[in-house]
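The residues making up each chain are set out below.
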Amino acid sequence: MKMKMLANIAKRLDSVVFSDAFWSGSNRSQEIAVLKPPQSRRFAPFSARLISRIICFVAINVVVGTVGAGQSVFAGTNDLFLRGVEAYRSGQFAEAAGDLRAAAQESPAAGTLVNLGLTEWRRGRAGAAIQAWEQAQWIDPFDSRARGNLRYARQLIGVESPDYSWYERASAWLPANAWAWVAGGSLWLAIGLVVLPGVFRWPRASWQQAIAAVALAVFLASLPALAGVSTRTRLGFVLQKETPLRLSPTAEGEAAAKLAAGEPVREVRTRGDYVLVRTAHGRGWIESRQFGRLCLE
Amino acid sequence: MFPRFRSAVAAALGVCLGWFATSQVCAQPAPTSAQANALMQLMLSQPPVDINSPVTATATLDPPVVEAGETAVYRLTLNALESSVRWPQEIALPPGLKLTPSARGQILRQDINALRPLTALNFHVVAERPGFYMIPAFVLEVYGKPVLVRETPLEVAAKLEPSRERARRLLVKPARTNVFVGETLRVHVRLPSVISNLVETLTQLQFNGDGFLDDKMIFRQQNELLEIGGRMTTAWLVESSVTPIAAGRQTLSAQAFTGGRQFIGPIVFTGQINLLASQPQNVLLDSDPVTLEVRPLPPEETTSGFTGYIGNVSMETPQISTNSLRVGDAIRLLVTFRGDHRISRLAPPEAPRVAGWQIFPPMPAEPPFVGPVTNLRAAFAYTLIPMTEEVRQTPAIPFSVFDPEKAAYMDLTISAVNVTVSAEGLPVDWKPASLADEARPEQKPSLSALAPTPGKTIGSLVPIQMRSWFLPLQLAPALALLGLWSWDRRRRFLEAHPEVVRRRQARRALRREKRALRRAAASGDAPGFVARAVAALQIAAAPHFPAEPRALVCGEVLSLFDEPERTGSTGEVIRSFFTRDDSASFSPKRDDPMPLFALQPELEGILKRMEARL
């Protein structure tokens, strides 16, 4: 009897599957399993669907959190913006400048900075106006208002545009922050398209390699623009007219030249209340309060 | 106008001559002999400025007796050039006396053979308490030499008669005190006469104030009656203008020298007056400051073409030289504006660039009328040339002015005029060369309107790659890829070594069975205890073959042990459990499994040894 049952068992060895139920302790399976190599699908701890769900969940949380936090800030900034515009229209330029500057500090926006520049221009502060319009261009290089105002102001007061190198000019094609996202996104897209098909055992396709190559090219092309953005952060503008460019960082320092309001300068280093700058007239020291940085922290 | 001009030219040439005579240094290229002779003759024909006479300083107080708190004018006069005077660092004034600079000026007086300079400095002196004060003597440096200014007494009384003599001052009255930046403002300056009906004129009128541009124009001079302190007196009136150039509260004051009978500019005499017959004294007078509220111009929104004119202006209908013309003919568009005295400052609007027309910049058609009355009309002529016969009217020319009374921009756009243009006499295929270019209007840079919304917004002006969170954010994908790579490597290892997986699964299953075994023993479930014991032995042995655990029989489990163990107690225990399980499964006769509970310690030891081998 026992031998007969063993024979039956041996006959059925090839027809049954490797039973998970047994290893998991379930008694529902009544079949006797045969050893087979483990299936590769059994070893995928996270499916692609699960990974994509996790990524979506994280992304939605980040977006919702950011939007929620940004809405309260935006409400206050918008009030300041509207108040500044109203004050400008009523001719109260000092009040308008205060409100618009507060709005720009709280939440830098291209339109706010354009209006701040107009206000400062009306107040006769050409340096501050040019600084504000340059900041608007920094945020949005496609803003025609800021571009036109800068051209008008520089033509009127006879001040040159900043002397940009080729990679700085390239960096002005897109908003300053866009280049970092372009570079980061293209780099990881290229690496991902190279690495992930092997990890997930997707069939390698020529389109994947083409996209990876394009992404890598975009990454390499964005590197000079990234460098241009970094060097442009050293740019600033003279805020007061007839600003003396001193040979030493002291009030008694000999003035080598007089800088016009709105003249572009590049910050080299800071010592005390003075900033060493490079201008078209050479290097020299100007007071910090007479120097308006493009990238205010 | 002539005496002022002559004195100014004479002063300049005199200084040049003195410098030329003393320095012998010439930075300019040497003139030709003919030019040099002419220049020398011109210079030598002018009287020299006297800078060699001994310098004397005269200090006076006007009036010498004042009430407490009343202002007296301390006048210091020197016969020297103003630029040569070096004021001392400090003057030790008696306590309670306050000295404030109010005006300083210079005049060159014509003498027989020289121009004699006169420099005057005015100070306002105020004493709060009655008493006898003495402005001490001090030393000035003039032409590098010390000049003594003698002490000057001032008597301050507690109360004086209302009809007393007061300091001689100018009276300034602007036409308005609420003005706009850039608006030309008429100002009346009056000099009350000291003696009734005795008229004394003013010369070198000058306005002081940081926020004003002195226009240096005199529109009118006349005598008039003025009531001062309930008494009618004759006053000399000079009407001039200033232009505010800074917004906010601004103070304006005037200063001038008394000029005796010297008249400059248009003059109107009315009534019976006496002219000062003697040589003028040229006393420097000044006024109290008046405060003006200067407002900035509002932004131009609905109008266009503002050229900076502030005033009340009307425009006459534009006149065109002809309405019927040929392509290439020039026509003249005459535009006439009428307004107040400021009309002479009106700048015409630039003509826009319009396809089909070539327009030349406007030219004054009538010179502003020069005379004692204000100029009330200004005309400008535009020259227009049609470049195609398709045009039907002249282009409208945007223009606006700012009306200070209404505080608003007034649209004065020069309207279009209908014309008929023919291409008579021109070749059929003639095309103006510049028409294609003119079709694109020139984009003249100008300030934009206000942005209606904040527009594109960012968190900070600092670029994100320079912020602290950006690098960790970029490392996140790297860490994710590293994790995936590690996971893939482990997976590949397990695929190559399935026994590792089996042993791990067996260990898990064995622990589970042992727990069930103990529960069965504790509850006295003998069949369950036997079944769990057999299953545990099968699970512990399965990875060694490898095989499905339930397919293993007692002999296969025992084959894992050495011969002494198989034949010893270990083998006996294992066989006991298998035998009892087989009989429970296949034999109709059931043995009592209860005695096997006693073998639980031995069984646990066997299972522990087998688990150690997994």
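Student: Describe the sheet that holds strand β10 (residues 152–157) of chain B, naming the residues involved and giving the relevant values.
Tutor: All names here are of chain B. Pairing is mixed in the open sheet, where 3 strands are placed in the order β2-β10-β7. For this open sheet the edge positions go to β2 (65–67) and β7 (131–135), each flanked by a neighbour on one side alone. For this sheet the average axis-to-axis angle between neighbouring strands, irrespective of direction, equals 30 degrees. Two strands pair when backbone bridges link them, and β7 and β10 are joined in this way by 5 bridges, in the antiparallel orientation. Residue pairing for β10: Phe132 is matched across the bridge by Glu155.

Student: Quick one: what's the story with unusual backbone geometry, residue by residue and with numbers?
Tutor: Here Asp62(B) and Pro63(B) are connected by a cis peptide whose omega angle stands at -10 degrees. Within the secondary structure, Pro63(B) is located in the loop between β1 (57–62) and β2. The peptide bond linking Phe545(B) to Pro546(B) adopts the cis configuration, its omega dihedral lying at -20 degrees. Relative to the helices and strands, Pro546(B) is located in the loop between α6 (526–541) and α7 (554–558). With a phi angle near 60 degrees, Glu242(A) is a residue other than glycine that sits in the positive phi range. Secondary-structure assignment places Glu242(A) in the loop between β1 (235–238) and β2 (243–246). The backbone phi angle of Gln204(B) is positive, close to 55 degrees, even though this residue is not glycine.

Student: Give me helix α5 (residues 498–523) of chain B: which residues, what numbers.
Tutor: Compared with an ideal rise of 1.5 Å per residue, which puts 26 residues at 38 Å, α5(B) spans 37 Å between its outermost C-alpha atoms and is within 8% of the ideal. At the exit of α5(B) stands Gly524(B), carrying a positive phi of roughly 75 degrees.

Student: Run through the interface of chain B and chain A, naming residues and quoting values.
Tutor: Each partner contributes residues to the interface: chain B has 59 residues there, and chain A has 70 residues. For the pair chain B and chain A, the summed buried area comes to about 5800 Å², and 67% of that belongs to carbon and sulfur atoms. On the surface where chain B and chain A come into contact, there are 1 salt bridge. The salt bridge involving Glu495(B) is made with Arg201(A); its shortest N-O contact spans 2.9 Å. Seen at the junction of chain B and chain A, the total is 11 residue pairs in polar contact (both at pLDDT 80 or more). At the level of secondary structure, the elements contributing two or more residues to the side of chain B that touches chain A comprise α4 (470–496), α5, α6 and α9 (569–586) of chain B. Looking at the side of chain B that touches chain A element by element, the count peaks at 13 residues for α4(B). Residue composition of the side of chain B that touches chain A, by class: 35 nonpolar, 10 polar and 14 charged.

Student: Would you mind going over the pattern of salt bridges in detail, with residue names and values included?
Tutor: Applying the stated criterion across every chain yields a total of 30 salt bridges over all chains. Notably, a salt bridge pairs Glu168(A) with Arg266(A), separated by 2.8 Å at the nearest N-O pair. Note that Glu168(A) is positioned in helix α8 (residues 166–171) and Arg266(A) in strand β4 (residues 264–271), a separation of 98 residues in sequence. Of the two residues, Glu168(A) and Arg266(A), neither departs from the other in class, the shared state being buried. Taking the shortest distance from any N to any O, the salt bridge between Arg104(B) and Glu82(B) comes out at 3.0 Å. Here Glu82(B) lies in the loop between β3 (71–78) and β4 (85–86) and Arg104(B) lies in strand β5 (residues 97–110), a separation of 22 residues in the sequence. You can call Arg104(B) partly exposed: its relative accessible area is 39%. Shared partners join several salt bridges into a network, and the residues in it are Arg101(A), Glu120(A), Arg123(A) and Arg125(A).

Student: Quick rundown of the nonpolar core? Include the residues and the values.
Tutor: Within the largest apolar cluster, 45 residues are counted, with the highest numbers of intra-cluster contacts made by Trp133(A), Trp138(A) and Ile139(A). Within the residue set of this core, elements represented by two or more residues are α3 (48–89), α4 (93–106), α5 (110–122), α6 (126–139), α7 (144–157), α9 (176–200), α10 (206–232) and β1 of chain A. Not counting the four nearest positions on each side in its chain, Trp133(A) is found in contact with Leu113(A), Val114(A), Gly117(A), Leu118(A), Trp121(A), Ala146(A), Asn149(A), Leu150(A), Ala153(A) and Leu447(B). Counting 34 residues, the second-largest nonpolar core is a separate cluster that includes Ala526(B), Val534(B), Ala541(B) and Leu607(B).

Student: Quick one: what's the story with the packing of α5(B) against α6(B), residue by residue and with numbers?
Tutor: All names here are of chain B. Contact geometry for α5 and α6: axes closest at 9 Å, N-to-C directions at 165 degrees. Relative to α6, α5 is oriented roughly antiparallel. In this structure, α5 meets α6 at a crossing whose hand is left-handed. Where α5 abuts α6, its residues Ala506, Ala509, Leu510, Glu513, Ala516, Leu517, Ala520 and Ala521 lie against Gly528, Phe529, Arg532, Ala533, Ala535, Ala536, Ile539 and Ala540. For the contact of α5 with α6, a count of residues per class yields 13 nonpolar, 1 polar and 2 charged.

Student: Could you give me a rundown of α5(A), with the residues and numbers involved?
Tutor: All names here are of chain A. Counted at 1.5 Å a residue, the expected span for α5 with its 13 residues is 18 Å, and the 19 Å between its end C-alpha atoms agrees. Buried residues dominate α5, accounting for 12 of its 13 residues. For α5, the complete set of buried residues consists of Ala110, Gly111, Thr112, Leu113, Val114, Asn115, Leu116, Gly117, Leu118, Thr119, Glu120 and Trp121. Looking one or two residues past α5, Gly124 carries a phi angle of roughly 85 degrees, positive in sign.

Student: Just give me the short version of the packing of aromatic side chains, but keep the residues and values in it.
Tutor: A complete count under the given rule lists 19 aromatic pairs over all chains for this structure. Through pairs of rings, three or more aromatic residues link up here, namely Tyr74(B), Trp87(B), Phe123(B) and Phe138(B). The lysine or arginine in question, Arg232(A), covers the ring of Tyr164(A), its NZ or CZ lying 5.6 Å from the ring centre.

Student: Describe a positive patch on the surface, with residues and values.
Tutor: Residues and elements named next belong to chain A. Taken together, the side chains of Arg269, Arg271, Arg278 and Arg283 present a region of like positive charge at the surface. Inspection of the secondary structure assignment puts Arg269 in strand β4. A relative accessible area of 40% places Arg269 in the partly exposed class.

Cut-offs and rules
- Residues numbered from 1 in each chain as written.
- Chains lettered and ligands numbered in written order.
- Predicted model: local features only at pLDDT ≥ 70, side-chain atom pairs only at ≥ 80, totals over all residues.
- Heavy atoms only, no water.
- Pairing = 2+ DSSP bridges.
- Helix = DSSP H or I, 4+ residues; strand = E, 2+ residues; numbered from the N terminus.
- Axes fitted to C-alpha atoms, helices over the stretch in contact; angles between N-to-C directions.
- Expected span 1.5 Å × (residues − 1).
- Contact = heavy atoms within 4.5 Å.
- Buried area = accessible area lost by both parts, 1.4 Å probe.
- Salt bridge = Lys/Arg side-chain N within 4 Å of Asp/Glu carboxyl O.
- Polar contact = N/O pair within 3.5 Å; in protein donor to acceptor, adjacent residues only side chain to side chain.
- Nonpolar A, V, L, I, M, F, W, Y, C, P; charged D, E, K, R; others polar.
- Buried < 20%, exposed > 50% of the residue type's maximum accessible area, 1.4 Å probe, protein only.
- Core = buried A, V, L, I, M, F, W, Y, C linked by side-chain atoms within 4.5 Å.
- Parallel < 35°, antiparallel > 145°, perpendicular 65-115°, else oblique.
- Left-handed = near helix turned anticlockwise from the far one by under 90°.
- Phe/Tyr/Trp six-rings, centres within 6.5 Å; stacked < 30°, edge-to-face > 60°.
- Lys NZ or Arg CZ within 6 Å of the ring centre and 35° of its normal.
- Patch = residues over 30% accessible without salt bridge, like charges linked within 9 Å, V, L, I, M, F, W, Y side chains within 5 Å.
- Areas by Shrake-Rupley, 256 points an atom, 1.4 Å probe, with all protein chains shown as cover.
- Lys, Arg positive; Asp, Glu negative; His and termini not counted.
- Charge placed at Lys NZ, Arg CZ, Asp CG, Glu CD.

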